[in-house]
Amino acid sequence: MLKDLTRISSLKDNIDKTVTIGGWVYHSRPSGKLIFIVVRDGSGLCQCVIEKGKISDDLFEQLKKLGTESSLTITGTVKKDDRSVGGYELVVTDAKVICESVDYPITPKSHGIDFLLKNRHLHLRSQRQWCIGKVRHTLVNAIRQFFNDNGFTLIDTPIFTGIAGEEAGSLFNVDYFGMPACLTQTGQLHLECAALSFGRVYCFGPTFRAEKSKTRRHLTEFWMVEPEVAFVDLPGILEIAENFVSFIVKEVLEKNEPELKTLGADIESLKKITPPFYRLTYTQASEILKSQKTQDFLAAQLNEFKAQKEQIEKKISELENEAKGQIKQWRQDKIAAELIDLRSDLAEIETKIENNPKHAKLASEFEWGKDLGGSDETIISLMHDKPVFVTHYPREAKAFYMKQDPENPKVVQNFDMLAPAGFGEVIGGSIREDSYDKLLAKINEQGYKVENYQWYLDLRKYGSVPHGGFGLGVERTLAWLTGEKHIRQCIAFPRMMDKILI
RNA sequence: UCCCCGAUAGCUCAAUUGGUAGAGCGGGCGGCUGUUAACCGCCAGGUCGUAGGUUCGAGCCCUACUCGGGGAGCCA
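Moving on, we get to the packing of helix α9 (residues 282–290) against helix α12 (residues 374–382). Running from N to C, α9 and α12 cross one another at 90°; their axes reach a closest spacing of 11 Å. Our classification of the angle between α9 and α12 gives roughly perpendicular. Contacts from Ala285, Ile288 and Leu289 of α9 reach α12 at Asp376, Ile379 and Ile380.

Here the focus is unusual backbone geometry. Residue proline 276 is bonded to the preceding proline 275 through a cis peptide linkage, with omega at -5°. Relative to the elements of secondary structure, proline 276 occurs in the loop between α8 (267–271) and β12 (278–281). The backbone of aspartate 16 sits at a positive phi, close to 70°, despite the residue not being glycine. By the element assignment, aspartate 16 lies in the segment before β1 (18–31). Of note in the backbone geometry, histidine 392 takes a positive phi value of approximately 60° without being a glycine.

Here we take up the protein's contact with RNA strand B. Around RNA strand B there are 52 residues in total, and His27, His111, Arg216, Val426 and Arg476 lie nearest to it. For RNA strand B, the fraction of protein-proximal atoms (within 4 Å) that sit in sugar or phosphate groups is 56%. Taking arginine 29, its side chain carries an N or O atom lying 2.6 Å from a base oxygen of RNA strand B. One of the backbone N or O atoms of valine 426 is found 2.4 Å from a sugar or linking oxygen in RNA strand B.

About the thresholds
Residues numbered from 1 in each chain as written. Chains lettered and ligands numbered in written order. Predicted model: local features only at pLDDT ≥ 70, side-chain atom pairs only at ≥ 80, totals over all residues. Heavy atoms only, no water. Axes fitted to C-alpha atoms, helices over the stretch in contact; angles between N-to-C directions. Helix = DSSP H or I, 4+ residues; strand = E, 2+ residues; numbered from the N terminus. Parallel < 35°, antiparallel > 145°, perpendicular 65-115°, else oblique. Contact = heavy atoms within 4.5 Å. Near = heavy atom within 4 Å. Polar contact = N/O pair within 3.5 Å; in protein donor to acceptor, adjacent residues only side chain to side chain.

Pasting the structure below:
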């Protein structure tokens, strides 16, 4: 049976032919002697038109009452029709219900995020999650393709590890047969070993951080790709990063434009993502933050928010007045629904208005030496239409393995890549400290146990070379590309702080 | 860990300022041959998160707790 099924995505090659598709009821609109059932089969959506008389009355009655997400096979003639979702529809001649679905909990109307997460096993079938999954698939392939095509060798780094790459406070500890171990936070340290064997390597896998972060940009388990390159300097690694990011954006644009449109992604701004990206040093970035330009920028933004707020409030009061008048019940209901949407928009804009002066204050009081805060990153990122590399952060604020800048010992040769339009950090990377003595001193300075890092130090003892790399978070990149507000929607089964739902 | 907001029908939300709980969607029944989150009529559906308190009277006020959302710090 399965081999005889046609996938919805290939209906365009079967116009006027009779085919059978297998799928689930996405939407059903019975209308007397005519039923429209939109079927999804994982490859797309297809509207099936069922006319009474063309099939048996019993089947007609069964299809008429079929609930959302019932599974079936359905046979009919493929017609091109612009009125139909996807552009093609099936004029049905036969159907077979496989499993009737009754009281499917997710309805076409809006739902709260808590409800949807608790129903994640079903929510994955929704159009939005499906689109994100398709884009993620392209993204992951593009990531692999870029490195594979540019002389990188894939190295699978371990998930159980003994030493930390980042802050020890964010480690998940596990009991490894009675011995202490932890889940990997980065494959970088292991990858450096491999880079000195293969020259150019990358790893791609899940990463775990026990940060107590409850924000739209954090997960405790996320996927990260990390390239590591021998014989490279900071300008060199930046060039790789911008070519890499430009490539994956181009691939997604080429292969997933319909999905991006459905998701409401800003396709025009993604088309601008081509090398070169902007480059700022941390010191330049901090000067921008403290400048009048930034204050003006934020003030302009505040005015815009206030104008938006006024517009929303005006609309709300208009609708409220209309609702007081003598109008039909259905109009009352429509107004109520619009009011709910508008009030939620209003709350969002009010939060922005409230945060704006705080962000302005934080920016104006920015002190050299601190790490860039979330709002600082957002400001820098909003002021640019392409990704921005921020380089040369203060040494104290950064990880022990980053190479001290020979020209300014207070900073390291690192970089963050901020995605444009306020999205913020997507990549973090650096040139690694390749001097044995400097690395040893830094390990001691941090209070780490040298014996744990002996193998890592060995890399600086036997044929050390300048090398570096970066890590790109898959979910954050996906959120940026798709315009999704929260990265928990960018992985099928998100793991969030204190919460594993299924 | 800190700050703010919330919890009312299966779901999303109302309840005119403390006076007997409403609507849409979803479900059930009926109608409709071109629907697009279809539409029209009828029906069922509630111990207002939990525990106290104030009051003649609490969904609404107060206290504590639980759960959730947003933001901060930190990060990819």
